[in-house]
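Architecture at a glance
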Amino acid sequence: MDLLDIQGLSTQFFTRTGVIKAVDNLSLRLQKGRVLGLVGESGCGKTVTALSILNLVPYPGKIVTGKILFEGRDLLALSAAEMRAIRGARISMVFQEPMTALNPVFTVGNQIAEVLTAHRKISSKKALDAAVELLQSVGIPSPEKRVNEYPHQLSGGMRQRVMIAMAIACKPSLILADEPTTALDVTIQAHILQLLATIQKEMGMAMILVTHDLGLIAERAHEVAVMYAGRIVEQAETRELFANPQHPYTRGLMASIPKPGEEGRTRLRTIAGTVPRLDDLPKGCTFSPRCDIKTERCELEPDLVEVKRGHFVRCWEAR
């Protein structure tokens, strides 16, 4: 049985200007201990997908259709109290901006301890002791001191490590990592990513890694789902996707990755145009206005079909 099985998920935002289809009929499966990379440009629906799994879609957003089966239970059918028992305990999230995710008026130790006391029968004293151990486990020096400090007293890298400590406090089955290194410099990014990879393997957790960085996905993910305008346009095992990309959007993303030794010699390739507004999507294939191989058939919306065992593509020309 899959750990996570998302079936036909659609999440929409009802605004004055119209209905924004942030996630449109999305289906995904993830097995225990596996890492799924969710890739795409900003605004394609990656973060909303992660928030939908936790049923934390902000107003005026709403999950309108679909099922999210986690460990055999449909999360969308649970009560608010039942969902709170799962968040942080069975499913955790590492947010993109730790400074906005962490509460500035509480020490980091208290915030980690709160996760433990909310989900386990444990005293505040034991929870704080556990917070020290968790800070140590994520590589924060002098954890006995840092546990009493506030978020603004820590560097960006340390704040992100605190977020990871909170995420793993209850040893969840699934971690959602939403662009976990965006605000960090390159050296710190590498340390955070290695830490996440180590923890994921040691604890046997599954992970959805949300990112726009295909290089990161190549190193860290077992399989990849490429999103565009709220839909998955290609999905396959990582090695297969990089060796044999089928969708023109996936090919465009890969072509835009700088090649070693070519810095300054050639201009980076880009994908023409911009991501369409989600409240005004083009007819048929949503990528067709930017596609250089479009045909008349692209005026009809293609389905996501299996073109090779385990390799799914939403494109008429890939069949």
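Residues numbered from 1 in each chain as written. Predicted model: local features only at pLDDT ≥ 70, side-chain atom pairs only at ≥ 80, totals over all residues. Heavy atoms only, no water.

A tally of helices and strands in the protein chain yields 11 helices and 12 strands. On C-alpha atoms alone, the protein chain measures out to a radius of gyration of 20 Å, which is about the 20 Å that the 2.2 N^0.38 rule sets for 319 residues. Across its three principal directions, the C-alpha atoms of the protein chain cover 65 × 50 × 40 Å. Across the protein chain, contacts joining residues at least 24 apart in sequence account for 64% of those joining residues at least 6 apart. In the form shown here, the protein chain has an accessible surface area of approximately 16000 Å², with 51% of it arising from carbon and sulfur atoms. Treating the 39 positive side-chain charges of the protein chain as one cloud and the 34 negative ones as another, the clouds have centres 3 Å apart. (Helix = DSSP H or I, 4+ residues; strand = E, 2+ residues; numbered from the N terminus. Rg over C-alpha atoms; globule rule 2.2 N^0.38 Å. Contact = heavy atoms within 4.5 Å. Areas by Shrake-Rupley, 256 points an atom, 1.4 Å probe, with all protein chains shown as cover. Lys, Arg positive; Asp, Glu negative; His and termini not counted. Charge placed at Lys NZ, Arg CZ, Asp CG, Glu CD.)

Turning our eyes to something else, we now look at the packing of aromatic side chains. This structure, assessed with the given rule, holds 3 aromatic pairs. Taken together, the ring pairs in this structure connect Tyr-228, Tyr-249 and Phe-287 into an aromatic cluster. (Phe/Tyr/Trp six-rings, centres within 6.5 Å; stacked < 30°, edge-to-face > 60°.)

Ile-112, Val-138, Val-162, Ile-164, Ile-168 and Tyr-249 are the most contacted members of the largest nonpolar core, which totals 61 residues. At 8 residues, the largest contribution of residues to this core is made by helix H7 (residues 156-168). Excluding residues within four positions of it along the chain, Val-162 makes contact with Leu-102, Val-108, Ile-112, Leu-135, Ile-140 and Leu-154. Core analysis: the next-biggest nonpolar cluster, separate from the first, contains 36 residues, Leu-4, Leu-30, Leu-54 and Ile-232 among them. (Core = buried A, V, L, I, M, F, W, Y, C linked by side-chain atoms within 4.5 Å. Buried < 20%, exposed > 50% of the residue type's maximum accessible area, 1.4 Å probe, protein only.)

The residue Asp-178 is located in strand S7 (residues 174-178) in this model. A distance of 3.1 Å separates the side chain of Asp-178 from the side chain of Thr-47, its partner in a polar contact. Excluding residues that lie within four positions of it along the chain, Asp-178 makes contacts with Thr-47, Met-93, Val-94, Phe-95, Gln-96 and Val-210. (Polar contact = N/O pair within 3.5 Å; in protein donor to acceptor, adjacent residues only side chain to side chain.)

Right, let's get into the side chain of Ser-92. On the secondary structure map, Ser-92 appears in strand S6 (residues 91-94). Reaching out from Ser-92, the side chain makes a polar contact with the backbone oxygen of Gly-88 at a distance of 3.3 Å. Apart from the residues lying within four places of it in its own chain, the contact partners of Ser-92 are Ala-167, Pro-172, Leu-174, Ile-175 and Leu-176.

What follows concerns the sheet that holds strand S8 (residues 206-211). The strand order S6-S7-S8-S3-S9-S10-S12-S11 describes an open sheet built from 8 strands, whose pairing is mixed. Of all strands in the sheet, those bounded by a partner on one side alone are S6 and strand S11 (305-308). Looking at each pair of strands side by side, their axes are set apart by 20° on average, direction ignored. Relative to S8, S7 is paired through 5 bridges, and the arrangement is parallel. (Pairing = 2+ DSSP bridges. Axes fitted to C-alpha atoms, helices over the stretch in contact; angles between N-to-C directions.)

In this section: the sheet that holds strand S2 (residues 18-30). In spatial order, the strands read S2-S1-S4-S5; together these 4 strands make up an open sheet with antiparallel pairing. Edge positions in the sheet fall to S2 and strand S5 (73-74), since each has one partner strand and no second. Taken together, the 9 bridges between strand S1 (residues 4-15) and S2 define a ladder with antiparallel strand orientation. Considered in S2, the bridge of Leu-4 is made with Leu-30. Docked against the sheet, helix H1 (residues 46-53) engages S1, S2 and strand S4 (61-70), running at close to 110° with respect to S1.

Time to look at the packing of helix H4 (residues 108-119) against helix H5 (residues 124-137). Between H4 and H5, the least distance of the axes is 8 Å, while the angle of their chain directions is 115°. Considering how the two elements wind past one another, H4 and H5 form a crossing that is right-handed. Residues Gly-109, Asn-110, Ile-112, Ala-113, Leu-116 and Thr-117 of H4 form the contact with H5, whose participating residues are Ser-124, Ala-127, Leu-128, Ala-130, Ala-131, Leu-134 and Leu-135. Taken together, the residues that form the contact of H4 with H5 break down as 9 nonpolar, 4 polar and no charged. (Left-handed = near helix turned anticlockwise from the far one by under 90°. Nonpolar A, V, L, I, M, F, W, Y, C, P; charged D, E, K, R; others polar.)

Residues spaced three or four apart along an α-helix face the same direction, because each turn holds 3.6 residues. The terminal C-alpha atoms of helix H8 (residues 186-203), which comprises 18 residues, lie 26 Å apart, in line with the 26 Å expected from a rise of 1.5 Å per residue. Ile-192, Leu-193, Leu-195, Leu-196, Ala-197, Ile-199 and Gln-200 are the residues of H8 that are buried. Buried residues belonging to H8 abut strand S3 (35-39), H5, H7, S8 and helix H9 (214-220). With a side-chain oxygen lying 3.2 Å from the backbone nitrogen of Thr-187, the N-terminal cap of H8 falls on Asp-185. The first or second residue beyond H8 is Gly-204, which carries a positive phi of 65°. (Expected span 1.5 Å × (residues − 1).)

Let us now look at the pairing of S1. A large share of S1 lies buried, amounting to 9 of its 12 residues. Of the strand pairs in this sheet, S1 and S4 are connected by 8 bridges, and their pairing is antiparallel. The residue of S4 that forms the bridge with Leu-4 is Phe-70. Where S1 folds back on S2, the antiparallel hairpin that results is connected by 2 residues.

Let us look at a nonpolar patch on the surface. Residues Phe-14, Val-19 and Val-64 make up a contiguous nonpolar surface patch of about 220 Å² in total accessible area. Assignment of secondary structure puts Val-19 in strand S2. (Patch = residues over 30% accessible without salt bridge, like charges linked within 9 Å, V, L, I, M, F, W, Y side chains within 5 Å. Salt bridge = Lys/Arg side-chain N within 4 Å of Asp/Glu carboxyl O.)

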